[in-house]
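Coordinate inspection notes
Now for the letters of each chain:
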Amino acid sequence: MTGKEITAGRKLLGQSGSAAGLAWKFEGITEHRSGVHHVHVSRPGGRFGRIHREFHPSVFGCEITVEITWRRTVRNKIVRAWSKADDYFWAGVFALVPLAFFEHFHWAEVIVSALGMDGH
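The text that follows walks through the structure, step by step, so that each part is easy to find. (Residues numbered from 1 in each chain as written. Predicted model: local features only at pLDDT ≥ 70, side-chain atom pairs only at ≥ 80, totals over all residues. Heavy atoms only, no water.)

**Remarks on the overall build of the chain**
Put simply, the test is: Put simply, DSSP marks the helices as runs of H or I at least four residues long and the strands as runs of E at least two long, and each gets a number from the N terminus on. Throughout this description, buried means an accessible area under 20% of the type-specific maximum (1.4 Å probe, protein chains only), exposed means over 50%, and partly exposed covers the range between. Contacts were defined at the residue level, with two residues in contact if any of their heavy atoms lie within 4.5 Å. Per-residue and other accessible areas were derived by the Shrake-Rupley procedure at a 1.4 Å probe size, with only the shown protein chains allowed to occlude residues.
On a plain count of helices and strands, the chain comes out with two helices and four strands. In the chain, the succession of helices and strands from N to C terminus is β-β-β-β-α-α. Taken over 120 residues, the chain has a buried fraction of 17%. By sequence separation, contacts in the chain at least 24 residues apart represent 23% of the contacts at least 6 residues apart. Accessible surface for the chain amounts to roughly 9700 Å². Of this, 58% is attributable to carbon and sulfur atoms.

**Re the pairing of strand β4 (residues 50-55)**
Across a regular strand the side chains alternate sides, sitting on one face of the sheet and then on the other. The following threshold applies: Only when DSSP finds a minimum of two bridges between them are two strands counted as paired.
Two elements, strand β3 (residues 37-44) and β4, share six bridges in a ladder whose sense is antiparallel. Among the inter-strand pairings, H40 is bridged to a residue of β4, identified as E54. What sits between the antiparallel neighbours β3 and β4 is a turn of five residues, in which G46 has the positive phi angle 75°.

**What to know about the sheet that holds strand β2 (residues 23-31)**
The condition that has to hold: Only the stretch in contact is used when a helix axis is fitted, and all axes are lines through C-alpha atoms; the angle between N-to-C directions ranges over 0 to 180 degrees.
The four strands are arranged β1-β2-β3-β4 in an open sheet whose pairing can be described as antiparallel. Of all the strands in the sheet, the pair left with one neighbour each is β1 (11-13) and β4. When the angles between neighbouring strand axes are averaged without regard to direction, this sheet yields 45°. The pairing of β2 with β3 spans six bridges and is antiparallel. Following the sheet pairing, E31 is matched in β3 by H37.

**Focus on the side chain of H38**
The topology assignment puts H38 in strand β3. With sequence-adjacent residues up to four places away left out, H38 is seen in contact with G28, I29, T30, H32, E54, F55, H56, P57 and I64.

**Some words on the nonpolar core**
Going by this rule: Working definition of a nonpolar core: buried Ala, Val, Leu, Ile, Met, Phe, Trp, Tyr and Cys residues. They are joined through side-chain atoms within 4.5 Å.
Counting 10 residues, the largest nonpolar core consists of I6, L12, A19, W24, F26, V39, V41, F55, V59 and F60. Elements supplying a minimum of two residues to this core: β2 and β3. Each residue touching F26, except ones within four places of it in the same chain, is listed here: I6, T7, A8, G9, R10, L12, V39, H40 and V41.

**Description of the side chain of S42**
How we decide: Side-chain atoms alone can form a polar contact between residues adjacent in sequence; in general such a contact is a pair of N or O atoms within 3.5 Å, and within protein one must be able to donate a hydrogen while the other accepts it.
Relative to the helices and strands, S42 is located in strand β3. In this structure S42 comes out as buried when scored by relative accessible area, which is 1%. A distance of 2.6 Å separates a polar atom in the side chain of S42 from a polar atom in the side chain of E27. Ignoring anything within four residues of it in the chain, the contact list for S42 reads W24, K25, E27, R50, I51 and H52.

**A look at the packing of aromatic side chains**
Test applied: Aromatic contacts are taken between Phe, Tyr and Trp rings whose centres are within 6.5 Å, Trp giving its six-membered ring; a plane angle under 30 degrees counts as stacked, one over 60 as edge-to-face, and the others as tilted. Lysine and arginine charges are scored as sitting over a ring when NZ or CZ, respectively, is within 6 Å of the ring centre and within 35 degrees of the ring normal.
Applying the stated criterion across every chain yields a total of four aromatic pairs. Ring centres 5.1 Å apart and planes at 70° place the aromatic pair F89 and W90 in the edge-to-face group. The positively charged end of R43 is found above the aromatic ring belonging to W24, 5.4 Å away from the centroid.

As far as function goes, none of this settles anything; it's purely spatial.
Rendered as structure tokens:
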């Protein structure tokens, strides 16, 4: 599979080491503290579900190339920031509704009329 992107759920066949000759399901790529990437794979494990292991990519005859462009990084950060801002905005709006109905809050009439809930 050299030169092609391997998607999660794809089967990998072990080429060397303890995984030789065994078919493994590709789960993802993990990065260790040393900066080396390993292939996270799993296979059926009898009564206990699935056996999860991490191998060096060379065990499967693969090579990992991490390719993230700065545009994608910037776009992901903007999308995450907007998502957070949007979530906090709506949380603030919904937090004002109970305050508006609680008569001890002195802006209750203004908030209820601004939200269009005054019935007039």
